Amino acid sequence: MERNLSMLTDLYQLTMLYGYFREGMDENLAVFDLYYRKNTGDSAYAVVAGLEQVIDYLQNLRFLPDDIDYLRSLELFDAGPDARVGGRDFFEYLSAFRFTGELYAMPEGSVVFPNEPLLRVKAPLGQAQMIETALLNILNHQTLIATKASRVCLAAGEGAVLEFGLRRAQGPDAGVYGARATMIGGCVATSNVLAGETFGIPIRGTHAHSWVMSFPDELRAFRAYARHFPDSCLLLVDTYDTLKSGVPNAITVFQELKKDGHQPLGIRLDSGDLAYLSKKARAMLDAAGLTDAKIYASNDLDEHLIRDLKAQGARIDVWGVGTQMITGGDCPALGGVYKLAAEQVNGSLQPKMKLSDNIHKMSYPGYKKVIRFYDKASHKALADLICLDHEDFSARERLRIYHPHEPWKSQVIASFTQRVMLQPVFLDGRLVYDCPSIEAICSYARQEMASMWDEYKRPNNPSVYKVDLSDALYDLRQSLLKSLMTPPLEE
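Worth saying up front: this structure is predicted, and the values here are computed from it rather than measured.

J.: Please explain the overall build of the protein chain as it appears in this structure.
T.: In terms of helices and strands, the protein chain carries 17 helices and 21 strands. By its C-alpha atoms, the protein chain is 90 × 60 × 40 Å across when sized along the principal axes. For the protein chain, buried positions account for 51% of its 491 residues. By sequence separation, contacts in the protein chain at least 24 residues apart represent 73% of the contacts at least 6 residues apart. For the protein chain, the accessible area works out to roughly 22,500 Å², and carbon and sulfur atoms hold 51% of it. Here the protein chain contributes 52 positively and 62 negatively charged side chains, and the mean placements of these two sets differ by 6 Å.

In structure tokens:
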């Protein structure tokens, strides 16, 4: 869905861009990493989503005449003769603004961990700085929702999960792009028709309680719905009394459909004790010979409630999850950040590092990549290594992986294969990446989840996946840390 989001930015990106332009620094090459610092909720991982929209944003990055007129009206940026650089003023510079740099990214559906670059940008400083806000807006949201959906789908196990959250999403974009992200996280369909049209994802739905209430009685409401949708008949059975009227009336209509050669889908439960009601409804449907009729359930579900219901023996086949998934539920934001890792100084890229009193907020310097190591026998992921881009571990047969902040914790891995996680997307401003279909992204996401040991997918207190720094990156970081924190001697 092509849109020009160039003005989707924070004002300070434009003030910095203006400053770089005036200082003659805007063309200096810079490297930025986009990553997140800690996992959401109880999760041990995240699922990347949103790259396709990042690509669309960069391809359409340009300031239109109306945008420039608005910025000029702010009277914040000097366009006088003394503010011209290289024969043009700032607004002329903006009118020609395009992304001409390089972007490497984790493919959508990748399972990722804190501090790993999800995106690596190498571009003229003005461009690399300007795109920060939009990249974070896109990746933070979709990755958050894909991760939440992944946890919900893991809880559901063999049961399918439908996304039902549009009416509770924080606005139209959150609903549409959130629906896309839930598919990457493992959902099989959405109720969101615009998301279905936009991204080609399956849509599902039935009727509301108001349909039943609009008819003189429940049975006539069910018969009318079945008459119009005989081969996709899913009936909501809890408008009045689930077990005394809803399920019996649904059974009557389903038997009439089957007699006419149709196959009803099943019933939906939307209130009450879902474990108890689903077990009773299953027994009633089976006794009536409707063993193929599925039981759908909704009602403020999340991964915790789904797990509890399953533990109580609930007979639910399909889970409709809305508010708690489309909003991120117990975690309102991913918390991704975008930090300068290197900058051109005197013709060469020099590593840069952010310091903080909080060790988890200190950034990793340099032009980096992420390598994932897999056990040869099981094809399960063993550990990740954040390293400098030039490093090569292909000849290594054994590797010791350390905890980046607790180096006394380590593990030797052997008999492994490896994969570089960051893939080229833009080179010299040219798109070199073939965007996969949503079906291919979802298939890849399933493979990624299958490559993770169950210990990392545990809903509560999961094991911490091992992410280490290479020796070269660790030494570089320590060297920069020492040089930045050591004050010069007084003369």
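J.: Looking at this model, I keep getting lost on the pattern of salt bridges. Mind explaining?
T.: Opposite charge on two side chains allows them to pair when their charged atoms are near. The final tally for this structure, using the stated rule, is 21 salt bridges. Across the salt bridge formed by R3 and D173, the nearest N and O atoms sit 3.2 Å from each other. Of this pair, R3 sits in the segment before α1 (11-23) while D173 sits in helix α7 (residues 172-185), and the two are 170 residues apart along the sequence. R120 is paired through a salt bridge with E102; the nearest N and O atoms lie 3.8 Å apart. In this pair, R120 is assigned in strand β5 (residues 119-124) and E102 in strand β3 (residues 102-105), connecting sequence segments 18 residues apart. On the basis of relative accessible area, R120 is assigned to the buried category, the value being 1%.

J.: What's the story with helix α11 (residues 242-259) in this structure? I'm lost.
T.: Each α-helix winds once per 3.6 residues, and so residues spaced three or four apart point in a common direction. Here α11 spans 24 Å end to end across 18 residues, near enough to the 26 Å set by a 1.5 Å rise per residue. Those residues of α11 that fall on the buried side of the exposure criterion are T242, S245, G246, V247, N249, A250, I251, V253, F254 and L257. For α11, the elements touching its buried residues are α10 (218-228), β8 (234-236), β9 (266-269) and α12 (274-287). N-capping of α11 is provided by D241, with a side-chain oxygen placed 3.3 Å from the backbone N of L243. The positive-phi residue at the C-terminal boundary of α11 is G261, with phi of around 90°.

J.: Looking at this model, I keep getting lost on the packing of α10 against α11. Mind explaining?
T.: Describing two packed helices takes the angle between their axes plus the distance from one axis to the other. Relative orientation of the contacting elements α10 and α11 amounts to 35°, with a least axis distance of 9 Å. Remark: the crossing between α10 and α11 carries right-handed chirality. Residue-level contacts link E218, L219, F222, R223 and A226 of α10 to S245, G246, N249, A250, T252, V253, E256 and L257 of α11. For the contact of α10 with α11, the per-class residue count stands at six nonpolar, four polar and three charged.

J.: How should the side chain of D33 be read in this particular structure?
T.: Position of D33 relative to the elements: it lies in strand β1 (residues 29-36). Its relative accessible area of 3% is what places D33 among the buried residues. At a separation of 2.4 Å, a polar atom in the side chain of D33 contacts the side chain of K368. Not counting chain neighbours up to four residues away, the residues in contact with D33 comprise P117, L119, R120, V337, Y338, K339, A341, Y364, G366 and K368.

J.: Help me understand the sheet that holds β3, please; the structure alone is not making it clear to me.
T.: The strands making up a sheet associate through backbone hydrogen bonding, with each pair oriented either parallel or antiparallel. Here seven strands make up an open sheet; going across it, the order is β13-β12-β1-β5-β3-β19-β20 and the pairing antiparallel. Lying at the two open borders of the sheet, with one neighbouring strand each, are β13 (348-351) and β20 (430-431). In the sheet, β1 pairs with strand β12 (residues 336-345) via seven bridges, with the strands oriented antiparallel. In the strand pairing of β12, L34 is matched with Y338. Where helix α2 (residues 51-59) meets the sheet, its contacts fall on β3, β5, β19 (423-427) and β20, and the angle it forms with β19 comes to roughly 15°.

J.: Looking at this structure, how should I read unusual backbone geometry?
T.: Unlike most non-glycine residues, N299 shows phi in positive territory, near 120°. Inspection of the secondary structure puts N299 in the loop between β10 (294-297) and α13 (303-311). Judged by its relative accessible area of 34%, N299 falls in the partly exposed class. Phi is positive for D300, which is not a glycine, with a value near 55°.

J.: I keep staring at the packing of aromatic side chains and nothing clicks. Help me out?
T.: Aromatic ring pairs are reported here in terms of the distance separating the ring centres and the angle at which the planes meet. Summed over all chains, the structure comprises 19 aromatic pairs. Residues Y177 and F199 carry aromatic rings whose centres are separated by 5.7 Å and whose planes lie at 55° to one another, so their mutual orientation is tilted. Residue Y177 is located in helix α7, and its partner F199 is located in helix α8 (residues 193-199); the two are separated by 22 residues in the primary sequence. Taken individually, Y177 and F199 each receive the classification buried, so the pair is uniform in this respect. Members of the aromatic cluster, each reached through a chain of ring pairs, are Y18, F21, F63, F77, F90, F91, Y93 and F97.

J.: I'm lost on the environment of G272 in this one. Help?
T.: For G272, the position within the fold is in the loop between β9 and α12. What makes G272 exposed here is its relative accessible area of 56%. For the pair formed by G272 and T242, sequence separation is 30 residues and the distance between their alpha carbons is 8.8 Å. Ignoring any residue separated from it by four or fewer positions in sequence, one finds G272 in contact with L277 and N299.

J.: It is not clear to me how the sheet that holds strand β11 (residues 318-321) should be interpreted in this structure. Could you clarify?
T.: Pairing is parallel in the open sheet, where six strands are placed in the order β7-β6-β11-β10-β9-β8. Only two strands of the sheet have a single neighbouring strand rather than two, namely β7 (189-190) and β8. In the sheet, β10 pairs with β11 via two bridges, with the strands oriented parallel. Across the sheet, residue A297 finds its bridge partner in β11, namely W319. Running at roughly 160° to β9, α11 makes contact with β8 and β9 of the sheet.

Cut-offs and rules
Residues numbered from 1 in each chain as written. Predicted model: local features only at pLDDT ≥ 70, side-chain atom pairs only at ≥ 80, totals over all residues. Heavy atoms only, no water. Helix = DSSP H or I, 4+ residues; strand = E, 2+ residues; numbered from the N terminus. Buried < 20%, exposed > 50% of the residue type's maximum accessible area, 1.4 Å probe, protein only. Contact = heavy atoms within 4.5 Å. Areas by Shrake-Rupley, 256 points an atom, 1.4 Å probe, with all protein chains shown as cover. Lys, Arg positive; Asp, Glu negative; His and termini not counted. Charge placed at Lys NZ, Arg CZ, Asp CG, Glu CD. Salt bridge = Lys/Arg side-chain N within 4 Å of Asp/Glu carboxyl O. Expected span 1.5 Å × (residues − 1). Polar contact = N/O pair within 3.5 Å; in protein donor to acceptor, adjacent residues only side chain to side chain. Axes fitted to C-alpha atoms, helices over the stretch in contact; angles between N-to-C directions. Left-handed = near helix turned anticlockwise from the far one by under 90°. Nonpolar A, V, L, I, M, F, W, Y, C, P; charged D, E, K, R; others polar. Pairing = 2+ DSSP bridges. Phe/Tyr/Trp six-rings, centres within 6.5 Å; stacked < 30°, edge-to-face > 60°.

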